[in-house]
Amino acid sequence: MKPACVLTIAGTDPSGGAGIQADLKTFQELQSYGMSVVTSVVAQNTTGVKNVHHLPDAFIREQLFAVSEDMPVHAVKTGMIANKEMMQVIKDWMQTVDAPYIMDPVMIAQSGDPLVEQEEQIYLKRHLVPESTLVTPNIPETETLLNKQIDNEEDMKEAAVEIVEKLGAGAALVKGGHLKGKAVDFLYDGHQLHTFEAERIDSANTHGTGCTYSAAIAAYMSRGYPLAQAVEKGKHFVTEAIRHSFNLGKGDGPTNHFAVRQEVFNQ
Ligand SMILES: Nc1ncnc2c1ncn2[C@@H]1O[C@H](COP(=O)(O)OP(=O)(O)OP(=O)(O)O)[C@@H](O)[C@H]1O
Ligand SMILES: Cc1ncc(CO)c(N)n1
């Protein structure tokens with residue numbers, strides 16, 4: 001049997017709630033064979049980022065080709081990409097792969113610590129966003145990408161369209177986790193606006209929600225689900241992961257990557 005195969009290219013979270021670790025847990029839960037290329041090793045936990053060690057871009061290139069020369073790649077997800085050299089290597093490698101590319105444009109950790117510097121964020125916008133099948137910014141990331149303030153749902157919808165039409169992304173999912181009220185996200189796929197709405201769960205355990213969501217979308221796409229359906233299913237996965245999240249750590253706790261499986265067990 002040959003499974004669907006999905007690759008994450010991202011930074012690490014040794015406390016297990018975000019980054020590569022969250023991605024691999026999500027891939028496993030959603031029955032896609034998970035693979036990973038590490039960009040930066042991050043000393044972090046639920047309270048914040050302590051230190052970062054960036055891998056040399058040549059070594060990232062070697063990891064990428066070690067995967068793609070040997071293994072099928074049915075979807076790719078990127079998370080934290082800290083500098084231009086890494087972005088260029090990933091962009092060049094993407095030309096050699098024929099698979100949907102889901103970009104989580106990680107800039108700041110949930111704790112408020114920056115993971116990607118401002119100059120590099122501009123490079124990401126110019127050079128990597130146009131390569132993406134889907135880009136999944138939260139509100140602060142949307143503001144950085146478009147250089148304007150996002151205050152409400154109308155602004156989010158407009159932004160999703162602009163990210164596709166002006167920045168050249170294949171599609172854009174603007175996530176409303178940072179707004180008050182319902183947890184609403186808007187997807188513009190180049191033709192149509194889709195709304196994904198869930199109740200806001202009263203929980204501070206939101207460390208790694210963005211990583212988990214984009215990883216779930218990538219896993220579903222690797223298995224052949226069309227974009228809007230992959231987002232709908234990914235939204236369910238992250239909502240349940242927040243609903244059944246863990247009170248672990250001294251900061252914002254991690255989400256529960258086996259929540260959906262637990263739902264089935266509890267029935
Ligand atoms: N309290 C909550 N209840 C329900 N859904 C939520 C809640 N907080 C965030 N979400 C949802 O979780 C998903 C992730 O969105 P969010 O905007 O938090 O991502 P993010 O800021 O990139 O995450 P992070 O940087 O923490 O990894 C979105 O679908 C959002 O609507
Ligand atoms: C490595 C990494 N990527 C993304 C995030 C955003 O949650 C984080 N905290 N750490």
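Keep in mind that this is a model prediction, so the values were computed, not measured.

Caption draft 1: Expanded view of the UniProt feature "domain: Pyridoxamine kinase/Phosphomethylpyrimidine kinase" (unreviewed entry) in the protein chain. The sites that carry the UniProt feature "domain: Pyridoxamine kinase/Phosphomethylpyrimidine kinase" (unreviewed entry) are, in the present numbering, residues 13-256. With 40% helix and 18% strand, residues 13-256 has end C-alpha atoms that lie 15 Å from one another.

Caption draft 2: Main features of the site of ligand 1. Residues in contact with ligand 1 amount to 18 residues; listed here are only the nearest, Q110, N138, K175, H178 and D185. Within the contact set of ligand 1, an oxygen atom lies 2.8 Å away from a side-chain nitrogen or oxygen of K175. Contact between ligand 1 and G210: an oxygen atom at 2.9 Å from a main-chain N or O atom of the residue. The protein chains hide 95% of the 630 Å² of surface that ligand 1 would expose on its own. Its atoms largely coinciding with the cavity grid, ligand 1 occupies the largest pocket. Counting residues per element, the shell around ligand 1 draws most heavily on helix α7 (residues 209-222), at four residues.

Caption draft 3: Spatial organisation of the environment of A22. Position of A22 among the secondary structure elements: in helix α1 (residues 19-29). Judged by relative accessible area, which is 0%, A22 ranks as buried. For the pair A22 and P72, spaced 50 residues apart in sequence, the C-alpha to C-alpha distance is 21 Å.

Caption draft 4: Layout of the site of ligand 2. With respect to spatial proximity, the complete set of residues near ligand 2 consists of G11, T12, A18, G19, Q44, M80, V106, A109, L115 and C211. Between ligand 2 and the protein, one listed contact pairs a nitrogen atom with a side-chain N or O atom of Q44 at 2.8 Å. In the complex, 93% of the free accessible area of ligand 2, which totals 290 Å², lies under the protein chains. Of all the cavities here, the one that holds ligand 2 is the largest pocket. Tallied by class, the residues present in the shell around ligand 2 amount to six nonpolar, four polar and no charged.

Cut-offs and rules
Residues numbered from 1 in each chain as written. Chains lettered and ligands numbered in written order. Predicted model: local features only at pLDDT ≥ 70, side-chain atom pairs only at ≥ 80, totals over all residues. Heavy atoms only, no water. UniProt positions renumbered as here; feature names shortened; annotations may be inferred. Helix = DSSP H or I, 4+ residues; strand = E, 2+ residues; numbered from the N terminus. Near = heavy atom within 4 Å. Polar contact = N/O pair within 3.5 Å; in protein donor to acceptor, adjacent residues only side chain to side chain. Areas by Shrake-Rupley, 256 points an atom, 1.4 Å probe, with all protein chains shown as cover. 1 Å grid on protein atoms, 1.4 Å probe; cavity = no way out; pocket = protein on both sides within 12 Å on 5 of 7 lines; lining within 4 Å. Sits in = over half its atoms within 2 Å of the grid points. Buried < 20%, exposed > 50% of the residue type's maximum accessible area, 1.4 Å probe, protein only. Nonpolar A, V, L, I, M, F, W, Y, C, P; charged D, E, K, R; others polar.

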